[in-house]
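This is what each chain is made of:
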Amino acid sequence: MNRLLPLLIGAIGVLLLATLMLVILPAWQLRTSEPPEQLQPYTAQQLLGRDEYVANGCLYCHSQQPRSTGQTLFDTARGWGRASTPGDYFYDSPHLLGTMRTGPDLFNVGARMKSRDWHLTHLYQPRAIFDWSLMPSYPYMFELKDQVSEGDVVVRLPESLQPAGKHVVARKEALDLVEYLLALDRTYATSAQELDKRDRGYDRRPAEASTDSGAK
Ligand code: HEC
């Protein structure tokens, strides 16, 4: 085993290079990241909702990273909003970029779907809204009650899904999660500085402005 030493040095070298390129350099490039003025920090309830988002695996099917028109024209056309920039994630730790898009990108879902009732119905049973939906239902975030008491948020359902003689009431988990979803809105205009940070080293389409088209 007289080659052990070169092997070890080689392995450590590769590891150090990877750490430098993938961890240290990106952190250094983004060291000056500031939160955009219009971006609000999450409230305590929204943070609890964010935990629900992670715990329930929403991340496995939903991304939070609309792409630029230089990468694809689809994201803006779908109304998912302008491409995200580093500052948009200032309050996200860890970020929830996601890699799968079985469902739509949710980075700006709060801007395009503002109804708490809609989200509650959809979480209780996505098929109540789209019969073709393959999103799982989350019935354990709701309880069935004979009597509605004060402060209860009752889920609106089509007759066919309404349990006989019972009311479907949202539990705290569902309410927190929806608060988080409603807070997802980065449709404000971003700065040229942020765009440069995002696109460093890549071509930007001339037509792409700081506002892009925004989520509809
Ligand atoms: C197995 C994949 C899958 C998982 C897991 C999943 N979704 Fe979905 N989601 C979808 C699909 C597919 C759609 C599109 C059809 C629909 O609206 O039901 C969707 C749609 C949505 C929409 C509507 C977005 C829009 O622009 O129309 C919201 C909001 C949403 N999901 C939230 C969630 C949340 C919150 C969770 C976690 C509790 C979650 N999803 C988990 C697949 C998934």
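As the structure is a prediction and not an experimental result, all values here were calculated from the model.

Here the focus is the overall build of the chain. What the chain contains, in helices and strands, is 7 helices and 2 strands. A compact globule built from 216 residues would reach a C-alpha radius of gyration of about 17 Å, whereas the chain, at 22 Å, exceeds it by more than 25%. Along the three orthogonal principal directions, the C-alpha set of the chain runs to about 75 × 55 × 35 Å. The contacts in the chain between residues at least 6 apart in sequence include a share of 75% that link residues at least 24 apart.

For the ligand, the set of nearby residues contains 22 residues, the closest of which are Cys58, Cys61, Gly103, Ser133 and Met135. Among the residues forming the shell around the ligand, the class breakdown is 15 nonpolar, 7 polar and no charged.

Okay, the pairing of strand E2 (residues 167–170) next. A one-sided burial pattern is seen for E2, the buried positions being Val168 and Ala170 and the unburied ones His167 and Val169. As judged from the 4 bridges shared by strand E1 (residues 142–145) and E2, these two strands associate in the antiparallel manner. Within E2, the residue paired with Leu144 across the bridge is Val168.

In this section: the nonpolar core. Counting 20 residues, the largest nonpolar core has Leu120, Phe142, Ala174 and Leu177 as the members making the most contacts within it. Within the residue set of this core, elements represented by two or more residues are helix H5 (116–124), E2 and helix H6 (172–183). Sorting elements by how many residues they give to this core places H6 first, with 5 residues. Those residues in contact with Phe142 that sit more than four places away from it in its chain are Tyr124, Val155, Val168, Val169, Ala170, Arg171 and Ala174.

Quick look at helix H1 (residues 4–29) now. When the terminal C-alpha atoms of H1 are compared, their 36 Å separation across 26 residues agrees well with the 38 Å that a helix rising 1.5 Å per residue should span. Considering bend angle alone, the principal kink of H1 is centred on Leu20 and spans about 35°.

Criteria and cut-off values
Residues numbered from 1 in each chain as written. Predicted model: local features only at pLDDT ≥ 70, side-chain atom pairs only at ≥ 80, totals over all residues. Helix = DSSP H or I, 4+ residues; strand = E, 2+ residues; numbered from the N terminus. Rg over C-alpha atoms; globule rule 2.2 N^0.38 Å. Contact = placed C-beta atoms within 7 Å. Near = placed C-beta within 6 Å. Nonpolar A, V, L, I, M, F, W, Y, C, P; charged D, E, K, R; others polar. Buried ≥ 20, exposed ≤ 12 C-beta atoms within 10 Å, placed from the backbone. Pairing = 2+ DSSP bridges. Core = buried A, V, L, I, M, F, W, Y, C linked by C-beta atoms within 7 Å. Expected span 1.5 Å × (residues − 1). Bend = angle between axes of the 7 residues up to and from the residue.

On their own, these measurements won't tell you what the molecule is for.
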